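Understanding the architecture of this molecule
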Amino acid sequence: MTEIQVKRLVNEAVLLHRDIAIRTERLKMLKANLIREARRHEHEFTPTDNGGSRWSVNGNNGCIARVNFPAPALVSHIDSETELFDHVLGLAGESLDRLFASVYYLRPVAEFREEVVTTLPQAEAAKLIELCQTTSAPRVSFETAPTTARTPRD
């Protein structure tokens, strides 16, 4: 790619990025408005299979918006160092093992790589660090110049 082509690519990407940001905010506002309107029509809700409910409304051109109110979700885990854990333990009693899977997991400490290098021999340190890493996708960010107001020409 030539330098001019790269500059055009950057310009187009920045313009698209700005447009998406604006449209994303607009979409969030429209969805919030639909949720507020749905709450006014609770008598029209239909139950869903998972215990939640749904409100559907038609647009002018045959499109449909569905506002889903899901049933409460279960928490993914309960930390053993919380008050909630103590309450759950008390209520579940002898059925705890039948109702819950007890899971043990490891979380790398802060400054993990540095700690590994200073704690283990070099070969084991490299292997351990590699085992505890996952690939990260490349990211592109933009620093946009302020937009200038255009004045009509005389």
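Look up: the structure comes first, before these words.
Residues numbered from 1 in each chain as written. Predicted model: local features only at pLDDT ≥ 70, side-chain atom pairs only at ≥ 80, totals over all residues. Heavy atoms only, no water.

**What about the packing of aromatic side chains?**
On inspection of all chains with the given rule, the structure shows 1 aromatic pair. Plain terms: the ring middles of Phe45 and Phe69 are 4.9 Å apart, the flat faces sit at 20° to each other, and that makes the pair stacked. One end of the pair, Phe45, is in the loop between helix 1 (3–40) and strand 1 (46–47); the other, Phe69, is in strand 3 (residues 64–69), and 24 residues separate them in sequence. By relative accessible area, Phe69 is classed as buried at 17%. (Phe/Tyr/Trp six-rings, centres within 6.5 Å; stacked < 30°, edge-to-face > 60°. Helix = DSSP H or I, 4+ residues; strand = E, 2+ residues; numbered from the N terminus. Buried < 20%, exposed > 50% of the residue type's maximum accessible area, 1.4 Å probe, protein only.)

**A few points about unusual backbone geometry**
Notably, Glu111 is not glycine yet its phi reads approximately 55°, a positive angle. Mapped onto the secondary structure, Glu111 falls in the loop between helix 3 (96–99) and helix 4 (112–119). Judged by relative accessible area, which is 53%, Glu111 ranks as exposed.

**Looking at the environment of Gly62**
Following the sequence through the fold, Gly62 ends up in the loop between strand 2 (53–58) and strand 3. In this structure Gly62 comes out as exposed when scored by relative accessible area, which is 61%. Taking the C-alpha atoms as reference points, Gly62 and Val109, separated by 47 residues in sequence, lie 54 Å from one another.

**Remarks on the environment of Lys127**
Among the secondary structure elements, Lys127 is positioned in helix 5 (residues 122–131). Along the chain, Lys127 and Ala71 lie 56 residues apart, while their C-alpha atoms are 44 Å from each other.

**Observations concerning the layout of surface pockets**
Roughly 700 Å³ of internal volume is contained in the largest pocket. If you list the elements that add at least two residues to the lining of the largest pocket, you get helix 2 (83–92) and helix 3. Residues that form the lining of the largest pocket fall into these classes: 11 nonpolar, 4 polar and 4 charged. Together, 10 residues line the second largest pocket, and Asn11, Val14, Arg18, Thr144 and Ala145 are the ones closest to its centre. Broken down by class, the residue content of the lining of the second largest pocket amounts to 5 nonpolar, 3 polar and 2 charged. (1 Å grid on protein atoms, 1.4 Å probe; cavity = no way out; pocket = protein on both sides within 12 Å on 5 of 7 lines; lining within 4 Å. Points joined across faces, edges and corners; volume = space filled by probe spheres on them. Nonpolar A, V, L, I, M, F, W, Y, C, P; charged D, E, K, R; others polar.)

**Looking at the sheet that holds strand 1**
Taken in spatial order, the 3 strands of this open sheet run 1-2-3, and their pairing is antiparallel. Each end of this open sheet is capped by a strand with a single partner; those strands are strand 1 and strand 3. With 6 bridges connecting them, strand 2 and strand 3 associate as antiparallel partners. Within strand 3, the residue paired with Val57 across the bridge is Ala65. Each of strand 2 and strand 3 is contacted by helix 1, which is oriented at about 70° to strand 3, the strand it contacts most. (Pairing = 2+ DSSP bridges. Contact = heavy atoms within 4.5 Å. Axes fitted to C-alpha atoms, helices over the stretch in contact; angles between N-to-C directions.)

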